[in-house]
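Notes for the structure review
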Amino acid sequence: MGMSAEDERTVSPRDEEWPEAEKAEKLARGAALKWASGVFYRPEKLEGLGQYRSRETQRNSSIQSRLKSTIQSYLEGGLQQMRALMAEHVQLASVVQVLPQLFSVHEVFSHTLQLLSGQQLLEAHAELMMMEHLRDDILSQLHLRGLSSAQATVLSYFGGLRELNESLAKQLWDIVGSSLRLVREDPVLFVTAVRIIEREEKIDDTLLLEATFLPPGRPKGWRQKFYHVLQETITGAHFHAVCMDTEGPELARHLAALQKDIVSELRVVKDLMVQCVPAHYNILSVCTVTYHQALTSHLQDILREDLDKQALFLLLEWALRVYHSPEMMGHPDLLPEVDVSALGPLMSPELVDQTERKYVVKVKASVLEWMQRTLEVEFKEWFREEEPETDHQGFFQSALPVIVMQMLNENIRVASLITDSLQQKVYNMALEELEAFLGRLREALVQCGKEHQKDRTIPKYYVSYLLAMLNNNLALSSSVSFLHPDTARREVPMSLQAALDRMQKKACQLLLEELLLDLQPLCLQLPSRKWLSGSQLVSSMCEVIDKYAKNFSRVRKPVFMLLLTESELLVTSQYLRALMQKKMVCKSKEERGQLCDRLLQDATQLRELFCGLGLDQSQQSLEAVFALRELICLKDPALLSLEVLGFITKYPDVRCHAKIRSKACHSACILVPSPCSTLGDLYALPCFLPSGRLDPAVLAWHYCQK
């Protein structure tokens, strides 16, 4: 029987494709109906229908499971082969797909070079990335399949990539090297370079994260190279200059140029460059650190040279003062973004101390030279044919104290502009040099004194210049305390005070020796008959003393009183020395009385002279002459020992250095000579105590011995 059109339409494609399956299904249905009609033909059999249904369902499921397992086992081998064929098909398809790209590689290389020549960097970099991606995919597949031997062929084929990379990198680093100029003139070019660098940085990061295959030349690390080129540009522009003169104004100009350029460039970075790079570049911080570290190294290089004091001062001032000032890193246009306080000092404390010591050594040499010149000029002035200059009070002086103190004070003041430690170092050096200068000045006085001994007319105003030196010494002594930077610690060091005292003592000694030379001719006439008969000799001595006292009045009071006291002691000692150096016999009581009267008159005249000059009687040593006169005037020999004891009681500091022997004094008095030729010998006589005062008891014995 034929099928209708509707039946034909209902025939499924599967029935058309598998007619045996339709036939099998019909046979199965028929067999099932036959079995069911045989089992359930009686009504009581219908009660077991549920059991039959359950049993048949289980049997059917078991059959289906076995069938599926059999089919799966049968198909497993075929599917594996199918998968392999599929993978190979995909790979072949991929290769076929990239063949046009592989064939056009060299053409792309040429085009990329043209783009680079025209500074079309972004387009050139896009093609470069495409070629690198193609090469890296092929290399990765070869790596995964263990075909490493084939990689060399691929690398050779893509060898042009190396040239492209180098050409692009060169342009990028040229741009970065000119970044400070470009961000002002052509920021687009600089931004383009940064974008390319960031692209490459992302590719590096991705490949490093995958960590399966790292293509050759990766990671490129172009961001780090960016920092390196920028830092090299900064240091090369300012700190790798050719050898320069490190003395004088050249160094000052160099430091001034650094100051101006660094501030200007940091302002460009802060205002312009930070807008052209990602925030995580921290470009302002990087540039600030670069300048700071480069300056630190640059200053160390300069300090290795043998610098003069001006250069050392400039470096210290620049590093410790100028660098942090509002004129440089503390400039208002840089704050608050630029902060170098956290970067450490530009010069380490050890380097600062070392540089300060070098500076002090140079200043010391300069001070020594200036002081030596001052001393030479001063020495020449002593031999001038005119008196020294005077101040408004008429005291002799010279320019020496002013020159010396101004020089020292100026150096201390200049040092205070840097650090307190440098100021203290210079202050200590100044005191040491002043002490040494006083020693040389004292030696110059001694040399001048020797020249004067050869010819007393040279220098013509010898005494006046000695007095000027004493006033100068006083001026130096009073000015030293003001050198100390701390007003609460203005004490003159002991060693320096000792040098000042030695200087004063030497000048006073030379003056007294000059007085002694004028007194000696008069003292040589003591004792004599002519001296006993008149007062002219002592009057002449008073004239000499008065002349010198008038000269001494040109020195300030403390030293004037010292000279007056020493002069009185000198006159007294010379008077007594003269009496003891010659033998004189009083032949009668009248002559002895005349001797006593002469002693009284001389001592009184001298005492009145010194009192008139301002020396109090209690400060005079002429009492020894009066004491001698009293002992010589004794008439009862038995009283001599008692009188000596009376003197010792009256003058507790009087010590008798001669052995007292009980001898009667005759009517005649014999003056016994005592060997003494110099001022030093005179002070060594037993009639002088260690304090310099006279021992009248000993003098009396010189006159009362037979």
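Placed above this text is the structure.
Residues numbered from 1 in each chain as written. Predicted model: local features only at pLDDT ≥ 70, side-chain atom pairs only at ≥ 80, totals over all residues. Heavy atoms only, no water.

**Focus on the nonpolar core**
- Counting residues in hydrophobic clusters, the biggest one holds 175 residues, and the most contacted among them are Phe 190 and Phe 226.
- When residues of this core are assigned to their parent elements, the largest contribution, 14 residues, is made by helix α19 (residues 494-523).
- In contact with Phe 226, other than residues within four places in its own chain, are Trp 173, Val 176, Phe 190, Val 194, Ile 197, Tyr 281 and Ile 283. (Core = buried A, V, L, I, M, F, W, Y, C linked by side-chain atoms within 4.5 Å. Buried < 20%, exposed > 50% of the residue type's maximum accessible area, 1.4 Å probe, protein only. Helix = DSSP H or I, 4+ residues; strand = E, 2+ residues; numbered from the N terminus. Contact = heavy atoms within 4.5 Å.)

**Here's the deal with the environment of Ser 553**
- With respect to the secondary-structure elements, Ser 553 resides in the loop between α21 (536-552) and α22 (557-581).
- Sequence separation between Ser 553 and Leu 563 is ten residues; the distance between their C-alpha atoms is 9.6 Å.
- Setting aside residues no more than four positions away along its own chain, Ser 553 makes contact with Phe 395 and Phe 560.
- Looking at Ser 553, its side chain comes within polar contact range of the main-chain oxygen of Lys 550, at 2.4 Å. (Polar contact = N/O pair within 3.5 Å; in protein donor to acceptor, adjacent residues only side chain to side chain.)

**Observations concerning the packing of helix α23 (residues 589-613) against helix α24 (residues 623-632)**
- Running from N to C, α23 and α24 point in directions that differ by 165 degrees, and their axes come no closer than 9 Å. On the basis of the axis angle, α23 is roughly antiparallel to α24. As for how α23 packs across α24, the hand of that crossing is left-handed. Here α23 contributes Arg 592, Leu 595, Cys 596, Asp 597, Leu 599, Leu 600, Ala 603, Thr 604 and Arg 607 to the contact with α24, which in turn contributes Val 625, Phe 626, Leu 628, Arg 629 and Ile 632.
- Its residues assigned to classes, the contact of α23 with α24 shows nine nonpolar, one polar and four charged. (Axes fitted to C-alpha atoms, helices over the stretch in contact; angles between N-to-C directions. Parallel < 35°, antiparallel > 145°, perpendicular 65-115°, else oblique. Left-handed = near helix turned anticlockwise from the far one by under 90°. Nonpolar A, V, L, I, M, F, W, Y, C, P; charged D, E, K, R; others polar.)

**Overview of the packing of helix α17 (residues 420-454) against helix α18 (residues 462-480)**
- Two elements in contact, α17 and α18, have axes separated by 12 Å at closest approach and are oriented at 170 degrees. On the basis of the axis angle, α17 is roughly antiparallel to α18. Contacts between α17 and α18 involve Leu 431, Leu 434, Leu 438, Leu 441, Leu 445, Cys 448, Gly 449 and His 452 on the former and, on the latter, Tyr 462, Leu 466, Met 469, Asn 473, Leu 476 and Val 480.
- The class makeup of the residues in the contact of α17 with α18 is eleven nonpolar, three polar and no charged.

**Topic: helix α8 (residues 160-177)**
- Given a rise of 1.5 Å per residue, 18 residues ought to cover 26 Å, and the 26 Å separating the end C-alpha atoms of α8 matches this to within 8%.
- Turning to α8, its buried residues number three or more, namely Leu 161, Leu 164, Asn 165, Leu 168, Ala 169, Gln 171, Leu 172, Trp 173, Ile 175 and Val 176. (Expected span 1.5 Å × (residues − 1).)

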